[in-house]
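Breakdown of the fold
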Amino acid sequence: MSRGNRPSPISVTIWHIVLVVSFAGVIASMTILYRSMRSVLAIGGSCASGGPYQIAVPCPDGIGELLNGSIWVGVILLFLALFATGKTGAPNVVWLLWPGLFISLGYNFLDFGLHPPDGGGTQSGFISCGVIFMIMGGGPLLFTIPLMRQGRNGRRRGSEVAERALMASTRLRNAMTPPNVVVTAMPFGAEMPRGPVSERTPSVVADLERLAAMYRSGALTSAEFESAKQQLLTGAS
Amino acid sequence: MSTNQKVKFAVMYLVSIAAGIIIGIRIFDAVAF
């Protein structure tokens, strides 16, 4: 089979759809969590529903189900989005959901801490929670973005170094092999060129120059130089 | 990754975010109110 393990276009399309749907589902869960939290903060920050006890502050209708459901559905869809990211080769931005979640919920705490719905003074409990959430969300964001930039620059520098090392090793091998054999730097996986040496090695002149340099330096005698030159020209013609 | 692919994925994520926010608000309004 010539196509190997490459996924079919239909499979790729399906995984793109899965990524869009699951990521949208995570965002929807976060939105529901955000609004559910605001509705609880609006009635003082705590509530209860059900059970045999007398409830001081009952929860608004459906809030308990929405809070529990959004957390569990969001976590499941988060893992599905991560899996789909790997399948599609999409940039992984799922980690940004952590800062997004904590900063948005931290904003809720700060908003209700600074502007309580009952019009009283600031709520230090909410404000301290808001500060902690902001640090939990903003800290990774501040540390990770510079690391990502360094990683990208590092990969670019690494590829340049690898390219220079490849060219240097090729030059070294050319210097150590007979003059009529030229090693050409090729990318991994490239097909070897076919045909006579003369058609794929345009560097005969360079070999002759190197031979002449060896003769001038005294490494070769006149006879050896002439013999090698003839050999090179014969092999290259 | 080519520029076209980057644009494609950026559009995908932005559409997902917009759709997610709208769906989340609709679900909340339908269940909680």
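One can find the structure itself at the top, above this paragraph.
Residues numbered from 1 in each chain as written. Chains lettered and ligands numbered in written order. Predicted model: local features only at pLDDT ≥ 70, side-chain atom pairs only at ≥ 80, totals over all residues. Heavy atoms only, no water.

1. Re the nonpolar core
Across soluble globular proteins, nonpolar side chains show a tendency to be buried alongside one another. Quick note on the threshold: Only buried residues count toward a nonpolar core. Its members are Ala, Val, Leu, Ile, Met, Phe, Trp, Tyr and Cys residues joined through side-chain atoms within 4.5 Å. Here the term buried applies to any residue with accessible area under 20% of the maximum for its type, exposed to any over 50%, and partly exposed to those in between, with areas from a 1.4 Å probe on protein chains only. Helical segments are the DSSP runs of H or I of at least four residues, strand segments are the runs of E of at least two, and each set is numbered from the N terminus. By definition, residues are in contact when any of their heavy atoms lie within 4.5 Å.
Counting 14 residues, the largest nonpolar core has Leu19, Phe23, Val26, Ala90, Val94 and Leu97 of chain A together with Tyr13 of chain B as its most contacted members. Listed by contribution, the elements that provide at least two residues to this core are α1 (9–41) and α2 (63–88) of chain A together with α1 (3–32) of chain B. When residues in this core are grouped by element, the largest group, five residues, is from α1 of chain A. The residues touching Tyr13 of chain B, leaving out its near neighbours within four places in the chain, are Leu19, Phe23, Thr85, Ala90, Pro91 and Val93 of chain A. Leu33, Met37, Leu105 and Phe109 of chain A belong to the second largest nonpolar core, which has seven residues in total.

2. Regarding the layout of surface pockets
All names here are of chain A. Heads up, the rule is: A cavity, in this analysis, means grid points on a 1 Å lattice covering only the protein atoms where a 1.4 Å probe fits yet has no way out; a pocket is instead an open set bounded by protein on both sides within 12 Å along at least five of seven lines, and a residue lines either one if it has an atom within 4 Å of a point. Grid points are joined across faces, edges and corners, and a volume is the space filled by probe spheres set on the points. Each residue gets one of three labels, nonpolar for Ala, Val, Leu, Ile, Met, Phe, Trp, Tyr, Cys and Pro, charged for Asp, Glu, Lys and Arg, and polar for the others, Gly among them.
Space inside the largest pocket adds up to approximately 390 Å³. The wall of the largest pocket is formed by 16 residues, among which Met30, Gly74, Val75, Leu78 and Leu101 lie closest to the centre. Among the elements of the structure, α1, α2 and α3 (97–114) are those that each provide at least two residues to the lining of the largest pocket. Considered class by class, the residues forming the lining of the largest pocket number 13 nonpolar, three polar and no charged.

3. Thoughts on the interface of chain A and chain B
Our working definition: Reported buried area values correspond to the accessible surface (1.4 Å probe) lost by two parts on association, with both partners' losses combined. A pairing counts as a salt bridge when a side-chain nitrogen of Lys or Arg comes within 4 Å of a carboxyl oxygen of Asp or Glu. Two N or O atoms count as a polar contact when they lie within 3.5 Å, although within protein this holds only if one can serve as hydrogen donor and the other as acceptor, and sequence-adjacent residues are included solely when both atoms are side-chain atoms.
Contacts between the two partners involve 22 residues from chain A, matched on the other side by 18 residues from chain B. Both faces considered, chain A and chain B share a buried interface measuring about 1700 Å² in area, 78% of it formed by carbon and sulfur atoms. Taken together, chain A and chain B are joined by one salt bridge. Linking Arg35 of chain A and Asp29 of chain B is a salt bridge whose minimum nitrogen-to-oxygen distance equals 3.1 Å. On inspection of chain A and its partner chain B, the count reaches four residue pairs in polar contact (both at pLDDT 80 or more). At the level of secondary structure, the elements contributing two or more residues to the side of chain A that touches chain B comprise α1 and α2 of chain A. Per-element accounting of the side of chain A that touches chain B gives the leading share, twelve residues, to α1 of chain A.

4. A short note on the packing of aromatic side chains
Here is the rule we go by: The aromatic pairing rule takes the rings of Phe, Tyr and Trp, using the six-membered ring of Trp, and pairs them if the centres are within 6.5 Å, calling planes under 30 degrees apart stacked, those over 60 edge-to-face and the rest tilted.
Applying the stated criterion across every chain, the model contains seven aromatic pairs over all chains. With a centroid separation of 4.9 Å and an interplanar angle of 65°, the aromatic rings of Phe23 of chain A and Tyr13 of chain B are classed as edge-to-face. Residue Phe23 of chain A is found in helix α1, and its partner Tyr13 of chain B is found in helix α1; the two belong to separate chains. Across this residue pair, the class does not change: Phe23 of chain A and Tyr13 of chain B are buried. When the centroid spacing of 6.1 Å and the interplanar angle of 50° are considered together, the rings of Phe109 of chain A and Phe126 of chain A count as tilted. In this pair, Phe109 of chain A is assigned in helix α3 and Phe126 of chain A in helix α4 (residues 124–176), connecting sequence segments 17 residues apart. The pair formed by Phe109 of chain A and Phe126 of chain A is uniform in burial state, with each residue classed as buried. Ring-pair connections join several aromatic residues into one group, and the members of that group are Trp98, Phe102, Phe109, Phe126 and Phe133 of chain A.

5. Here we look at the packing of α2 of chain A against α1 of chain B
Each pair of packed helices can be described by the angle between their axes along with the distance between the axes. The test is simple: To get an axis, a line is fitted to the C-alpha atoms, and for a helix only the part in contact is used. The angle between two axes follows their N-to-C directions and goes from 0 to 180 degrees. An angle below 35 degrees is read as roughly parallel, one above 145 as roughly antiparallel, one from 65 to 115 as roughly perpendicular, and any other as oblique. By definition, turning the near helix anticlockwise from the far helix through less than a right angle yields a left-handed crossing, and turning it clockwise yields a right-handed one.
It is at 13 Å that the axes of α2 of chain A and α1 of chain B come closest, and there the two elements cross at 165°. Considering the angle they form, α2 of chain A stands roughly antiparallel to α1 of chain B. Note that α2 of chain A runs across α1 of chain B; the crossing there is right-handed. In contact with Ile63, Leu66, Thr85 and Thr88 of chain A of α2 of chain A, α1 of chain B contributes Phe9, Tyr13, Ile27, Phe28, Val31 and Ala32 of chain B. Split by residue class, the contact of α2 of chain A with α1 of chain B holds eight nonpolar, two polar and no charged.

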